[in-house]
Amino acid sequence: MRMRILITGSNGLLGQKIVRQLLKRKINFLATSQGENRNSNCPAEFFSSLDITKKDQVEKTVNSFQPTAIINTAAMTNVDECEEKETQCRLINVDAVKYLLEISAKKNIHLIHISTDFVFDGLNGPYKETDSRNPLSIYAKSKADSEDILTQGNYKNWAILRTIIVFGQGENLSRTNIVLWAKETLKKGEELNIVNDQFRAPTWADDLAWACIKTAELNAKGIFHISGPETFSIFEMVQRIAVYYGADKSLVKPISSSTLNQKAKRPLLTGFILDKAKKELGYNPLSLEESLAKIV
Ligand SMILES: NC(=O)c1ccc[n+]([C@@H]2O[C@H](COP(=O)([O-])OP(=O)(O)OC[C@H]3O[C@@H](n4cnc5c(N)ncnc54)[C@H](OP(=O)(O)O)[C@@H]3O)[C@@H](O)[C@H]2O)c1
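What counts, and where the lines are drawn
Residues numbered from 1 in each chain as written. Predicted model: local features only at pLDDT ≥ 70, side-chain atom pairs only at ≥ 80, totals over all residues. Heavy atoms only, no water. Phe/Tyr/Trp six-rings, centres within 6.5 Å; stacked < 30°, edge-to-face > 60°. Helix = DSSP H or I, 4+ residues; strand = E, 2+ residues; numbered from the N terminus. Buried < 20%, exposed > 50% of the residue type's maximum accessible area, 1.4 Å probe, protein only. Contact = heavy atoms within 4.5 Å. Near = heavy atom within 4 Å. Polar contact = N/O pair within 3.5 Å; in protein donor to acceptor, adjacent residues only side chain to side chain. Areas by Shrake-Rupley, 256 points an atom, 1.4 Å probe, with all protein chains shown as cover. Nonpolar A, V, L, I, M, F, W, Y, C, P; charged D, E, K, R; others polar. Pairing = 2+ DSSP bridges. Axes fitted to C-alpha atoms, helices over the stretch in contact; angles between N-to-C directions. Salt bridge = Lys/Arg side-chain N within 4 Å of Asp/Glu carboxyl O. Core = buried A, V, L, I, M, F, W, Y, C linked by side-chain atoms within 4.5 Å.

Caption draft 1: Summary view of the packing of aromatic side chains. Under the definition given, this model contains four aromatic pairs. A ring pair is formed by Phe29 and Phe46, whose centres lie 4.8 Å apart and whose planes are at 15°; its orientation type is stacked. Highlighted residues: Phe29 in strand S2 (residues 28-33) and Phe46 in the loop between S2 and strand S3 (47-49), separated in sequence by 17 residues. By relative accessible area, Phe29 is classed as buried at 2%. Looking at Phe46, the relative accessible area reads 24%, which means it is partly exposed. Relative to Tyr127, the ring of Phe120 lies with its centre 4.0 Å away and its plane at 5°, an arrangement referred to as stacked.

Caption draft 2: Region of the structure containing the environment of Ala140. Mapped onto the fold, Ala140 is located in helix H5 (residues 138-151). Under the relative-accessibility criterion, Ala140 is labelled buried at 1%. Considered as a pair, Ala140 and Arg175 are 35 residues apart in the sequence and their alpha carbons are 18 Å apart. Leave out the neighbours within four places in its chain, and Ala140 touches Phe118, Val119 and Pro135.

Caption draft 3: Spotlight on the side chain of Asp206. Within the element layout of this structure, Asp206 appears in helix H7 (residues 205-218). Here Asp206 is in contact with Lys17 and Gln21, once residues within four sequence places are set aside.

Caption draft 4: Molecular detail of the site of the ligand. What surrounds the ligand is a group of 27 residues, the closest being Arg38, Thr77, Tyr139, Lys143 and Val166. In the model, an oxygen atom of the ligand is placed 3.0 Å from a nitrogen or oxygen of the Gly12 main chain. Contacts to the ligand include Asp51, whose side-chain N or O atom sits 2.9 Å from a nitrogen atom. Burial of the ligand by the protein amounts to 91% of the accessible area it has alone, namely 900 Å². Counting residues per element, the ones that place at least two in the shell around the ligand are helix H1 (13-24), strand S5 (110-116) and H5. A per-element tally of the shell around the ligand places S5 first, with three residues. Across the shell around the ligand, the residue classes tally to eleven nonpolar, twelve polar and four charged.

Caption draft 5: Structural view of the sheet that holds strand S6 (residues 158-163). Ordered by their spatial adjacency, seven strands build an open sheet running S3-S2-S1-S4-S5-S6-S11, and the pairing between neighbours is parallel. A single partner strand is all that each edge strand has here, and the edge strands are S3 and strand S11 (222-225). Direction aside, neighbouring strands of the sheet carry axes that sit 20° apart on average. Taken together, the six bridges between S5 and S6 define a ladder with parallel strand orientation. Counterpart to His113 in the pairing with S6 is Ile160.

Caption draft 6: Quick peek at the pattern of salt bridges. Taken as a whole, this structure holds 20 salt bridges when the rule is applied. The residue Lys54 makes a salt bridge to Asp51 at a minimum N-O spacing of 3.2 Å. Linking Lys253 and Glu191 is a salt bridge whose minimum nitrogen-to-oxygen distance equals 3.9 Å. Within this pair, whereas Lys253 is found in strand S13 (residues 252-255), its partner Glu191 is found in the loop between helix H6 (178-187) and strand S8 (192-195), the two being separated by 62 residues in sequence. One salt-bridge network, in which partners are shared between bridges, spans Arg133, Glu147, Asp148 and Arg162.

Caption draft 7: Examining the pairing of strand S1 (residues 4-8) more closely. Counting buried positions along S1 yields four of five residues, so the element is predominantly enclosed. Where S1 meets S2, four bridges bridge the pair, whose relative direction is parallel. By the bridge assignment for S2, Leu6 is matched with Leu30.

Caption draft 8: Structural detail: the nonpolar core. By size, the foremost hydrophobic cluster in this structure holds 37 residues, and its most contacted members are Ile5, Ile18, Leu22, Phe29, Leu161, Cys212 and Ile226. Of all the secondary-structure elements, those providing two or more residues to this core are S1, H1, S2, strand S4 (69-72), S5, S6, H7 and helix H9 (275-281). In terms of residue count, H7 provides more of this core than any other element does, six residues in total. Apart from residues no more than four positions distant in its own chain, Ile226 is found in contact with Leu161, Arg162, Thr163, Ile164, Thr203, Leu208, Ala211, Phe272, Leu274, Ala277, Leu281 and Tyr283.

Caption draft 9: Representation of the environment of Ser227 in the model. The residue Ser227 is located in the loop between S11 and strand S12 (232-233) in this model. For the pair Ser227 and Arg162, spaced 65 residues apart in sequence, the C-alpha separation works out to 8.0 Å. With near-sequence residues (within four places) excluded, Ser227 lies in contact with Ile164, Ala201, Thr203, Phe272, Leu274, Tyr283 and Pro285.

Caption draft 10: Just the side chain of Asp145, in detail. Structurally, Asp145 is set in helix H5. Setting aside anything within four residues of it in sequence, one finds Asp145 in contact with Arg90 and Val94.

What follows is the structure in structure tokens.
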């Protein structure tokens, strides 16, 4: 059967990268996001507005497009905002996943859902797929609960791709990402205070998009860890970004997480063991510098 992929959250960074790769590979898709299409690379005939918190809209869109797979990239992704707006966060990150699973089960659609390293508490990273979770924030709990909807149901045609700090270039994004922000700030010659006690494996959005599409192509099932290949401190990450762009590395100042007073608690050491994704999907992510070289 020929693939027909429904993407949610196509205005977001990951959604835009999936659209780009599907167009290039001439795979049939429908891109959807709340509101209008803000991605000029996505032709109007491939786009339809869809708010995934509206069950009737979800059903109508799925019944009309008849996808073989749904890739759910839509989410409330601002971790501190989720602390303040718990109800909205749970509506988007948990309830909507129920609607997507229900219709997928009804029509035997492969549901591919994106989750996060934040489902872990950061005490024992790097993590493998089977490690036990302990979410520390409202965002993290909402994502862990969304995973449970899939893992604890009777319907088994699903995959969960957990990922970590996604970066890349997008158009009209509703929020920036670490590479774009660091590059812009360094260009202005401003100092950046960056935590040196949180460790992550940053993920190039294009690699993650590739993994989402591969998961659909293989009809792969279960949980997969998808991140960049190296884990280092966020401080080192920004220093390496500075060096790559030929900026003054001394503008990057180390600080401790405790001085930041962020609303949401973050895990300290995450990072993923990628063996399963490498073996089952053929996933082979680029290093930070290799990805920066590809970002225009
Ligand atoms: N970015 C990261 O560092 C990171 C790390 C770990 C996991 N993840 C997960 O990876 C996935 C993709 O992340 P991303 O970086 O691409 O996020 P993003 O750039 O924030 O994109 C998310 C998109 O979802 C859309 N959206 C929000 N509510 C919606 C609704 N009710 N109906 C339909 N669309 C809705 C947003 O629309 P608007 O643009 O109009 O607001 C946005 O375009 C998310 O599930 C996220 O939780 C991301």
